[in-house]
4 protein chains.
Amino acid sequence: PRPPGPLSLTRAMDELLRRAVPQTPAYELREKTPAPAEGQCADFVSFYGGLTEATQRAELLGRLAQGFGVDHGQVAEQSAGVLQLREQPREAAVLLQAEDRLRYALVPRYRGLFHHISKLDGGVRFLVRLRADLLEAQALKLVEGPHVREMNGVLKSMLSEWFSSGFLNLERVTWHSPCEVLQKISESEAVHPIKSWMDMKQRVGPYRRCYFFSHCSTPGEPLVILYVALTSDISSNIQAIVKEQPLSETEERDRIAAAIFYSISLTQQGLQGVELGTFLVKRVLKELQKEFPHLGAFSSLSPIPGFTKWLLGLLGSQTKEHGRNGLFTDSESKELGEAVGGPVPETLKVLLSGSEWAQSEKLVQALQAPLMRLCAWYLYGEKHRGYALNPVANFHLQNGAVMWRINWMGDSSPRGLTSSCGLMANYRYFPEETGPNSTAYLGSKSIKASEQVLSLVAQFQKNSKL
Amino acid sequence: PRPPGPLSLTRAMDELLRRAVPQTPAYELREKTPAPAEGQCADFVSFYGGLTEATQRAELLGRLAQGFGVDHGQVAEQSAGVLQLREQPREAAVLLQAEDRLRYALVPRYRGLFHHISKLDGGVRFLVRLRADLLEAQALKLVEGPHVREMNGVLKSMLSEWFSSGFLNLERVTWHSPCEVLQKISESEAVHPIKSWMDMKQRVGPYRRCYFFSHCSTPGEPLVILYVALTSDISSNIQAIVKEQPLSETEERDRIAAAIFYSISLTQQGLQGVELGTFLVKRVLKELQKEFPHLGAFSSLSPIPGFTKWLLGLLGSQTKEHGRNGLFTDSESKELGEAVGGPVPETLKVLLSGSEWAQSEKLVQALQAPLMRLCAWYLYGEKHRGYALNPVANFHLQNGAVMWRINWMGDSSPRGLTSSCGLMANYRYFPEETGPNSTAYLGSKSIKASEQVLSLVAQFQKNSKL
Amino acid sequence: PRPPGPLSLTRAMDELLRRAVPQTPAYELREKTPAPAEGQCADFVSFYGGLTEATQRAELLGRLAQGFGVDHGQVAEQSAGVLQLREQPREAAVLLQAEDRLRYALVPRYRGLFHHISKLDGGVRFLVRLRADLLEAQALKLVEGPHVREMNGVLKSMLSEWFSSGFLNLERVTWHSPCEVLQKISESEAVHPIKSWMDMKQRVGPYRRCYFFSHCSTPGEPLVILYVALTSDISSNIQAIVKEQPLSETEERDRIAAAIFYSISLTQQGLQGVELGTFLVKRVLKELQKEFPHLGAFSSLSPIPGFTKWLLGLLGSQTKEHGRNGLFTDSESKELGEAVGGPVPETLKVLLSGSEWAQSEKLVQALQAPLMRLCAWYLYGEKHRGYALNPVANFHLQNGAVMWRINWMGDSSPRGLTSSCGLMANYRYFPEETGPNSTAYLGSKSIKASEQVLSLVAQFQKNSKL
Amino acid sequence: PRPPGPLSLTRAMDELLRRAVPQTPAYELREKTPAPAEGQCADFVSFYGGLTEATQRAELLGRLAQGFGVDHGQVAEQSAGVLQLREQPREAAVLLQAEDRLRYALVPRYRGLFHHISKLDGGVRFLVRLRADLLEAQALKLVEGPHVREMNGVLKSMLSEWFSSGFLNLERVTWHSPCEVLQKISESEAVHPIKSWMDMKQRVGPYRRCYFFSHCSTPGEPLVILYVALTSDISSNIQAIVKEQPLSETEERDRIAAAIFYSISLTQQGLQGVELGTFLVKRVLKELQKEFPHLGAFSSLSPIPGFTKWLLGLLGSQTKEHGRNGLFTDSESKELGEAVGGPVPETLKVLLSGSEWAQSEKLVQALQAPLMRLCAWYLYGEKHRGYALNPVANFHLQNGAVMWRINWMGDSSPRGLTSSCGLMANYRYFPEETGPNSTAYLGSKSIKASEQVLSLVAQFQKNSKL
C-alpha cells in the first residue's frame, strides 16, 4: 500500500512504529514472551519498502531512532541499583543480576524490531539495505544526531555478528558461473569498469582470478569482490591488466610468479565497517598459496584517490602565497616552466585538473620526479587521527601490507589521470608478516614502507626544508 | 600438547587464560584494535580439546567465568556517570555516549574470547560443544554459581544470533541422501531407536518424511530432526508407525489425510534453549501444506516422559497414608484388587515399575480408565511456575498446539511401558490457530485442550473430591 | 606434427591410412582381436586435426572412403555361399552363419576406424566434426562419388545410434545457466540473431523458454536449440517476440495461452539427418504441457526461406514471356502498376530483391493479396519428390504439424523482407494429432492445412487458370 | 494386463508380435518412414513385463527370434544381384547400391523392434534385462537354436554401441554417496560378501577405493564395480583386506605403495560380453596413477574358481586308475598319507570337498607344495580353445596382466577353501606393458608369467613326467 501524502505521512509513520515495533518485555518475562505475530514486523518492511523518497525513509529512520531507543529512566534506575550494591555488598548473584537488569535496560527497543525482521524471509538483506539508506541519509545530512548514530552502531554490530567470517563462503567466478553472478559482478566493478562481456570473460579467464564472499545463507550473491592477476612480477601498470587482449586458452603455471590484487569492491554499502574486505584479502591469499605453492609475491595495484585533489590544494595555497614552499626544486621549477610555458603553480593547477597534460612527453618527464615525491609524502606522511589519510593506503596498512612502490603512469586512463595524476601504488603482502605489521600500524601507528617509498619521502622532507 | 597433572593443571589453566583471553580494549580504541593473533584464541581451543575429563573442563570453564567477567568497578563508575547526567541534564549526545560506555563496560571479557573463537575454522561448532559441556557440568554440579550461569546466558545469546532462523536450511532426508547424513540421523534418534538400515530406509521412504535443520555454513549436519508419518488419520499408536514392515514402492496421495510428527530430536545439546525445535515444526508444517494442500490434520504423537515416575510417587504417598485419596473409584479399586491379587497401591507400585503387567489383559483393562484420567491430569493440571510440568507438553503448547488426545497403549514397547505406562499423547496443530494459542499459553498460561482431555480432567477432579 | 606440402602430402595421407585404419579381423577371430593400440587411431585424429584446408581434409576423406571400404571380392564370395545354400538347403544354423559372414563382409573397413575413434576421449565429438566436413565437402564438390556417399551413410547411422533419444538430456537455459552455455546458445542462433546480452537475457526470461538437447556424455553442450515464446494467442509477427523490451520481473500464468516455437537451430552440422529437431519439438511440447496444463495452442512462427527467390524466378519467366500468366489479377496488376510506377513484373523484380519497398504503404497494401496467395501455393503446392519443397514446411509437416496460417508482414526485418517478402508461417501442433498427420504426410504425402491456407491455395489455382 | 493361460498364451504371443514388431520399410522408403506409434513397441514391453515365468519369457523370445529374423528370400535375391554385377561390371555406384540393398536385407526385422524400444523411457534398461533373460534361458536350455543365438548377437552388438566407453562415467563411491548407491553396491558384491553397513563403510573408507561405471544416461546406477585396497605391498591374503577392523580416520599417503584390485563385479548380466570390466580396470589404473603418482605396484588379488573342482576330478580319475600319475611325489604321498590317515587320493577327495581340513596344521603343511604346483598348472597350463581355462585368469590376461603369484591360504574362508582350496592368485598390471601383453595373449595365446609361477609349472611338468 502506497504511503499517504506529507502531512498525513508523519502521522502514518508514528502509527506504524507504534504498531510494528515490539514492546520490550519485562525483564522477568524476557524468555517467555512469544515472538510478535509475523505480520507485525512485516508491516514495517512493506511500509518502508513503499517509501520511494530518500527523505521519507530518512524521516522514518530518524523517528525510529529517536522514539524507540533506550528508556533512560529505566537505565538510571538500574544504574542506581548497581551503585547501591557497590556500597552495600551482598552475594555475587545479587550483583550479577543487577548488572544483567542494567544490561537489559540498555538495549534500545528498536533492536527488537531489527531482531525480528532478521528472521523474516529476506529480512537480513532488508536490514543491509536499511543501513545503506541510513549511511547515505547521514552523509547527505537528511537525518542527524546521536540517536541515529547510536542506531547505526547497533545495526552495524548486529550485521557484524551475522556476517561473521565463519559464515562467509569464498566463491570463485569463472566463465562457467551463472550469467546472473557474472552480471552482478560486472555491475559492481567500480574501480576499473567492465566494458563488455568479452572484457568480463577475460577477467575470469586464464591468468586471472575473481573471488567473492557470499553469506552462506545466500550463495551466489557477492558481498565483496576481489580481482587478481597472475603475472610474472609485481605489476606497475593497470592497463596491462585490464585492456582487452586476445585470450590465452590455457595457463602455464611456470609463467606465474606474482599475484596482483588489482580491484576490490564492496557491493553492499550497508556492510560498511563490517570487516569483509580484510578477510577476503587474507582468505584469497591463502587460497592462492594453496593453488600455487611457488608463488613469490603478493601485492595490490591500487588507485590513489584524492591525490590530485590534495595536490591541487597545495598548488592553490602556493599560488596565494606567491612564494616557493618546497613543492619543486629550482631546476624542476625551471624545467616545468619551460614545459608549461607560464607561471608554474597556476598553470599546473589548470593542467592537472584535466588529463590532456599526459599527451606532452616533455611535461610527463618534468613532472615525474616531483610528483613521485609528493605522492610518497601524501601516502606516507598525511594523516587522519594518526592513521594514513588516504583510505586505500589505510585499508592495506591495516591488513598488514607494506607500502611497497609508487608507479609513475600506472594508470593512464582519463580517470586515473584526473584522480591521481596517473600514479598508482603497490601495497605488498608478505604472508608471514601481515600480523605484526597490522598490530604495529593499528597500535603505534607506524607505517612499514619499502626503500623506494622511504627514499622518496626523505627527498620530499629534505626539499620542503629549503 | 597434553595438559599436565592436577596440581600444576590449575596453574596451567590460569596461565592459559591470562594468555588466551583477549584484553578488552579501551572504549575509545574499540574499533581500532587489531584482532588478536590467530594463535592466541586457537591456544584455548586446543588446550580445552586436550582436557579429557569432564571435571577438568568444568574447572577451566569455572575459572573463565569467575575471572574474566565484567569489571564491576568500571560498571559502577560508568553507572555513576549516567546517574549524574540524569541529575544535571546535558545534550542528548552526552547521555547517549555515557550509556554506550556503560553498555560497553557491561560486556564480560570472556565474550571477546568467544567472539574470536567463532571466527576460527570450526569455531562455532567448538562453542556449541563447549556450551554442551557447560550445561552438563551444571547438571552434574561440577561447577556452580552465578558467574557460570551468566556465562551460559552470554553463550546462549551468541548462539541464538548465529543460529537465527534466517540462517537455517531445511533439508529433507531420503534414501538418496549421503550415507553419512543417514548414519548421523540414525545415531541421533533417541525417541524411537532405529534398529537397522532397513528400518532407516522405511523412515525416509513412502508415507514418511524426515527433515532437519542445518546451519547454512555446515550443510548436511543435522541440528534438529523431525520425523513425520503421513497417515489416513491421527495415529494413536507408535508401533504402527515405527515397526518394520514391507516397504510400499510408491505413495498414493489420496490415502494421505494427516501428518503425524512422531519424533523430534535435538542433536546438539549445546543448542538447548535456542528455539530450533519450534521453528522446525512450523517450517515443516508449511512445507507439508505446500506439498499436500488437502492435508486435514497435523498432530504430534508424543511420549509422556515422567508420567510413570509421577504416578509411582502418588501411589507411594497413598501407600504411606494407608487411605484412599481418590486415585481410584471404589469399583476400580475392586477390579484392580482382583486383577493384581494383593493390596492395590503397593502391588501396583511394584507392577508399574516394570513392563510385564501389560501381558495381563485383565490388568490392562482395569487400568485403562483410571490411568487415562490420571494422565490427563498429569499433563493438564500439573504445573511448574504456571506452565505444564511435562516438558513435551510444554514444548507443543508453547508452539501453539492443542492438547488433543490421550492414547491408551499408544506405546507398548518396554520403554513406553516403563516411562509412561504405555500412554502417549497427541498435540494437534491447527495452522491458523497456533499463533493465538501460543500467546494465550505463554501469556495467561491457559492450556487449550480437546473435549476428550477436558472430560478426563473433569473426571479426575470429580473423583479426587471424593 | 604439421602435415607436409602438397606433393608429399598425398603420400603422407596414404601412409597414415595404411597405419591408422585397423585391419578387419578374420570372421572367426572377430571377438578375440585386441583393440588396436590407442595411438593407432589417435594418429588419425591428430593428423586430420592438423589439416587446416578444407580441400586437404576432403582429399583425406575421399581416400579413406575409396580405399578402405568393403572388400567386394569377399562380398561376392559370401553371396555365392548364401545362394548355394538357397539351392541346397541345409539346417538353419548353416544358413544363418553364412548370412552372418556375408553381413560381416559388408561392413566397410573404415567403420572399424570410426568405431575405435569413438572410444577415445572426445572421439564422438571428433566424428561429428568430421561428418560436418564431409557434408560441406560434398556440398562444395570438393569430393564426390558413391564411396563418399556410402561413408556418409555409415557415419550417419553410427551417429544415429549414439545420439539416440534415450541418451539426450533436455536442458533449460535460464539466466542462472553458466555464461559459457549462454554464449554458445547465443552464437548458434542464426534465425533471429541475438544482438546483446540483454537481448539474450530476454530470450531466457519471463514469457520465454529456451531448451536444448545435450548428449548425456557432454552435458551443457547444446546440440539443437529451441526457443519458445509464451503468449496470449498464436503470434503472427516475429518482431513482437524478439525486439528488445523492458523485462517483466515475473510471469503471470493466466496470461499464457499459447506456446510459439519461434526458432530452432542445429548447432552441429555433422548431426544433419539425425532426428534431433523432431524429438526436441515433441519433448518440449510435453514439457510445456506438464508445466502449463491449460495451454491451448502450440505453434511455430517460422520463416519461409526461398520464397522470394522462387517468386523472383516466376516474375523473371513472366517478364520473358511478356504475358500475363496468372500471377496477378487484372485489378491487382492495375493497382500494382500505379504503386510501382512502371511495368509490373520488371519493376517488382527489382523492388522485391531489396527491402525498401516495405516503406511504401501503398505498395505494401497492393502486394498483400497476391503475395499471400502465391506464398500459400509455394508452401502447399510446390514439391520435391512429392514432399513440400520448402524445407521448414517439410520439417514441421514431417513432425505432424498443420500448415496453419500465413502472416503478412510477419517479419519486417531486412532479412525477413529479402528472403520471404516479410511473410512468415505458423505450423500448428495439435498434440493428439501429430502422429496421424505425420504418417499421412510421410506415407501418402498429403498435407494437412487450415482453411486460411486452403482458401488462399484455391484462389491461386482459380487465378492461374485464367 | 496379465497375460492369459498356457493355451491361449501362445496365441496371444503371436498376436502381440504381429502387432508390435514394426514392418521393415521398403529400401527406398527407409528414411521416409515415420516411427511406429509409441504404443506399438510399448505394448511389447508391457506384455513382456507381465510374463512372470522364465519359461514364458523364453517362449516369447524364441518366437520373436524365429519368426521375425531375416527374410532369406530377400537376402538371396540381393545376393544374386551383387553377384551379377560382379560378372557384368558397371560403375561403382551401382555396385555400392546393390551391396547396400543386400546389407539392408540382412538386418533382422526384430532389430527394428529393439531399436524403437531403445528410444522409450527406460527402454535401454529393458533391453539389458531382456538379454539377461535370454542368456539365462539359453543356459537353462529353455530355448535353443541358431535363431536365438543370432538374436543374442544382434542385441549384444547394439548394447556394445550404447555402452561404448565414451558414454561411461567413472564414479567413485564414498560414505558421502547416496545410501541408495551404497545399498546397490553392497547387494552386488558377490566375491567377498558385505556383511554389514560398517563393513561397507570400511570398503569405501581410508586405504580403500570403490569405483563403478555408470552409463551417462543413468548416473548413479552401477554397471560394473571395482574394489581396490591401497596397501604397502602386493597382498597375498584377502582376509587382511575384507575383515572388519577399526577404521582409520585418515590415510597416510606414504604408507601406500600398491593398489590391489580385490573384487570386480558385473551388476547386469545382460551386459555380458560388453567389455566393461576391462575398461574399468584400465580407467581405474589411470585414475590411481593420477592420484598417487608414486604408486609402484598394481595387482589383482583374485579367486581361482573351479580349481577345487578340477582337482577333485584329477583325484577321482587317479582313484579309478589305482595308480600314481604324478599328482604327488613319493615323499609328499607319504607325508599326506600320515596326515590323512588313509588312502591318499580317496581321502583327500573327501577332505577337499569340505573346508575342515584347513584346521589341521599338519595337513595344511603337507598340501602346500603339491597344491601350489597343481594350481600353477591349472592356471597356466589348462586351456580352452587355446586360452586359459580359468575365466578369471583369462580376464586378466586379456587385459594384459602378468600371472604374478599364487598364494597359499590366500582365502581361508569356507567359500575360499571349498572353491579353490584356499588359494588365490595375483595378476599384476605393469601399466606400460598391458598393451603388448594383451596382444601377445590374444594373438599368439602366450601367457606372461612370473618366475614363481613358471617355476611351479616346471615342477609340475617335471613331476608329471615320472
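## Description of the overall build of chain A
Point 1. What chain A contains, in helices and strands, is 20 helices and nine strands.
Point 2. With the principal axes as the frame, chain A shows a C-alpha extent of 80 × 60 × 55 Å.
Point 3. Scored against the burial criterion, the 466 residues of chain A give a buried share of 50%.
Point 4. Here the analysis covers contacts within chain A between residues at least 6 apart in sequence; of these, 76% occur between residues at least 24 apart.
Point 5. Total accessible area on chain A is roughly 21000 Å²; 52% of this is exposed by carbon and sulfur atoms.
Point 6. Distance between charge centres in chain A, computed from 51 positive and 48 negative side chains, equals 2 Å.

## Some points on the relation of the copies chain A and chain C
Point 1. Relative to chain C, chain A is turned by 179 degrees and slid 0.0 Å along the rotation axis, the superposed coordinates differing by an RMSD of 0.1 Å. Classification of the inter-copy transformation places it as that of a two-fold axis. In terms of C-alpha distance to the rotation axis, chain A has Pro-178 of chain A as its closest residue, with the C-alpha 2.0 Å off the axis.

## Overview of the sheet that holds strand 1 (residues 168-172) of chain A
Residue and element names in this part refer to chain A.
Point 1. Strand order across the open sheet formed by seven strands is 1-2-3-4-5-9-8, with mixed pairing between neighbours. In this open sheet, the two strands that pair with only one neighbour each are strand 1 and strand 8 (402-407). Within this sheet the neighbouring strands show an average axis-to-axis angle of 30 degrees, counted without direction.
Point 2. Against the sheet, helix 16 (residues 361-381) engages strand 8 and strand 9 (424-429), with an angle of about 155 degrees to strand 8.

## Focus: the interface of chain A and chain C
Point 1. With 11 residues of chain A at the contact, the number on the chain C side is 11 residues.
Point 2. Roughly 1000 Å² of surface becomes buried between chain A and chain C when both sides are summed, with 58% attributable to carbon and sulfur atoms.
Point 3. The interface formed by chain A and chain C holds zero salt bridges in total.
Point 4. Contributing elements (two or more residues each) for the side of chain A that touches chain C: helix 9 (179-188) and helix 10 (197-203) of chain A.

## Overview of the pattern of salt bridges
Point 1. Summed over the entire model, instances satisfying the criterion amount to 69 salt bridges over all chains.
Point 2. A salt bridge links Asp-14 of chain C to Arg-63 of chain C; the shortest N-O distance between them is 3.0 Å. With Asp-14 of chain C in helix 1 (residues 6-20) and Arg-63 of chain C in helix 3 (residues 54-67), this pair connects stretches of sequence that are 49 residues apart.
Point 3. Judged by relative accessible area, Asp-14 of chain C falls into the partly exposed class, the value being 30%.
Point 4. Arg-63 of chain C sits in the partly exposed class, given a relative accessible area of 27%.
Point 5. Here Arg-103 of chain D ties to Glu-150 of chain C by a salt bridge, and the two come within 3.6 Å at their closest N and O atoms. With one member in each of two chains, Arg-103 of chain D in helix 5 (residues 92-105) and Glu-150 of chain C in helix 8 (residues 146-162) form a pair that bridges those chains. Across the pair, Glu-150 of chain C and Arg-103 of chain D agree in class, each one buried.
Point 6. Within this structure, Arg-30, Asp-100 and Arg-103 of chain A together with Glu-150 of chain B form a network of salt bridges that share partners.

## Concerning helix 14 (residues 330-340) of chain C
Residues and elements named next belong to chain C.
Point 1. Buried within helix 14 are the following residues: Glu-332, Leu-336, Gly-337 and Val-340. The buried side chains of helix 14 occupy one side of the element, clustering within an arc of 135 degrees when seen end-on. Residues of helix 14 that are exposed and angled more than 90 degrees away from the buried face: Asp-330, Ser-331, Lys-334 and Glu-338.
Point 2. Elements that come into contact with the buried residues of helix 14 comprise helix 15 (344-353) and helix 16 (361-381).
Point 3. Just beyond helix 14, the residue with positive phi is Gly-341, at close to 65 degrees.

## Quick word on the arrangement of the chains
Point 1. Left apart from each other, chain B and chain C have a closest C-alpha approach of 16 Å.
Point 2. Chain A makes no contact with chain D; the smallest distance between any of their C-alpha atoms is 16 Å.

## With respect to the sheet that holds strand 1 (residues 168-172) of chain D
Hydrogen bonds between backbone atoms are what pair the strands of a sheet, whose relative direction is either parallel or antiparallel.
Residues and elements named next belong to chain D.
Point 1. Spatially, 1-2-3-4-5-9-8 is the arrangement adopted by the seven strands of the open sheet, whose pairing is mixed. A strand with exactly one partner marks an edge of an open sheet, and here the two such strands are strand 1 and strand 8 (402-407). Averaged over all neighbouring strand pairs, the angle between strand axes comes to 30 degrees, with direction disregarded.
Point 2. Both strand 2 (residues 208-215) and strand 3 (residues 224-231) contribute to a ladder of six bridges, which runs antiparallel. Within the sheet, the bridge partner assigned to Phe-212 lies in strand 3 and is Ile-225.
Point 3. Helix 16 (residues 361-381) contacts strand 8 and strand 9 (424-429) of the sheet and is inclined by roughly 155 degrees relative to strand 8.

## Side note on the relation of the copies chain C and chain D
Point 1. Turning chain C through 180 degrees and shifting it by 0.1 Å along the axis lays it on chain D, with an RMSD of 0.1 Å.
Point 2. An overlap of 100% is found between the interface residues of chain C and their copies at the interface of chain D, pointing to a shared contact surface.

## Points about the interface of chain C and chain D
Point 1. Across the contact, 51 residues belong to chain C and 51 residues belong to chain D.
Point 2. In total, about 4400 Å² of surface goes out of reach between chain C and chain D, with carbon and sulfur atoms giving 61% of it.
Point 3. Put simply, chain C and chain D have four salt bridges between them.
Point 4. Taken together, chain C and chain D are joined by six residue pairs in polar contact (both at pLDDT 80 or more).
Point 5. For the side of chain C that touches chain D, the secondary-structure elements that each account for two or more residues are helix 4 (72-87), helix 5 (92-105), helix 6 (109-117), helix 8, helix 12 (276-291), helix 17 (391-398) and helix 19 (434-444) of chain C.

## A closer look at the side chain of Arg-209 of chain D
Residue and element names in this part refer to chain D.
Point 1. Within the secondary structure, Arg-209 sits in strand 2.
Point 2. Polar contacts involving the side chain of Arg-209 include one to the side chain of Glu-291, which spans 2.8 Å.
Point 3. Discounting chain neighbours no more than four positions away, the residues touching Arg-209 are Arg-172, Arg-203, Leu-226, Tyr-227, Val-228, Leu-230, Glu-251, Leu-288, Glu-291 and Phe-292.

## Points about the nonpolar core
Generally speaking, nonpolar side chains in soluble globular proteins are found buried as a group.
Point 1. Counting residues in each nonpolar core, the largest one holds 229 residues, and the members touching the most others are Phe-44, Phe-163, Leu-288 and Phe-307 of chain A together with Phe-44, Phe-163 and Leu-288 of chain B.
Point 2. Ignoring sequence-local partners within four residues, the contact set of Phe-307 of chain A consists of Leu-371, Leu-374, Cys-375, Tyr-378, Ser-419, Ser-420, Cys-421 and Leu-423 of chain A.
Point 3. In terms of nonpolar packing, the next biggest core, distinct from the first, is built from 228 residues, Tyr-387 of chain C together with Leu-64, Leu-363 and Leu-379 of chain D among them.

## With respect to the domain arrangement of chain A
Point 1. For chain A, the domain assignment lists domain 1 (6-70 + 107-162), domain 2 (166-300) and domain 3 (307-465).
Point 2. With centres defined by C-alpha atoms, the gap from domain 1 of chain A to domain 3 of chain A works out at 44 Å.

## A few points about the packing of helix 6 (residues 109-118) of chain A against helix 8 (residues 146-162) of chain A
Residues and elements named next belong to chain A.
Point 1. Between helix 6 and helix 8, the shortest axis-to-axis distance is 11 Å and the interhelical angle comes to 35 degrees. The two elements helix 6 and helix 8 cross, and the hand of that crossing is right-handed. Packed against helix 6, whose contacting residues are Tyr-110, Arg-111, Phe-114, His-115 and Ser-118, the element helix 8 presents His-147, Glu-150, Met-151, Val-154, Leu-155, Met-158 and Trp-162 at the interface.
Point 2. For the contact of helix 6 with helix 8, the residue count by class is seven nonpolar, three polar and two charged.

Rules used throughout
- Residues numbered from 1 in each chain as written.
- Chains lettered and ligands numbered in written order.
- Predicted model: local features only at pLDDT ≥ 70, side-chain atom pairs only at ≥ 80, totals over all residues.
- Heavy atoms only, no water.
- Helix = DSSP H or I, 4+ residues; strand = E, 2+ residues; numbered from the N terminus.
- Buried < 20%, exposed > 50% of the residue type's maximum accessible area, 1.4 Å probe, protein only.
- Contact = heavy atoms within 4.5 Å.
- Areas by Shrake-Rupley, 256 points an atom, 1.4 Å probe, with all protein chains shown as cover.
- Lys, Arg positive; Asp, Glu negative; His and termini not counted.
- Charge placed at Lys NZ, Arg CZ, Asp CG, Glu CD.
- Least-squares fit on C-alpha atoms with pLDDT ≥ 70 in both.
- Pairing = 2+ DSSP bridges.
- Axes fitted to C-alpha atoms, helices over the stretch in contact; angles between N-to-C directions.
- Buried area = accessible area lost by both parts, 1.4 Å probe.
- Salt bridge = Lys/Arg side-chain N within 4 Å of Asp/Glu carboxyl O.
- Arc of directions from axis to C-beta.
- Polar contact = N/O pair within 3.5 Å; in protein donor to acceptor, adjacent residues only side chain to side chain.
- Core = buried A, V, L, I, M, F, W, Y, C linked by side-chain atoms within 4.5 Å.
- Domains from an automatic or database assignment.
- Left-handed = near helix turned anticlockwise from the far one by under 90°.
- Nonpolar A, V, L, I, M, F, W, Y, C, P; charged D, E, K, R; others polar.

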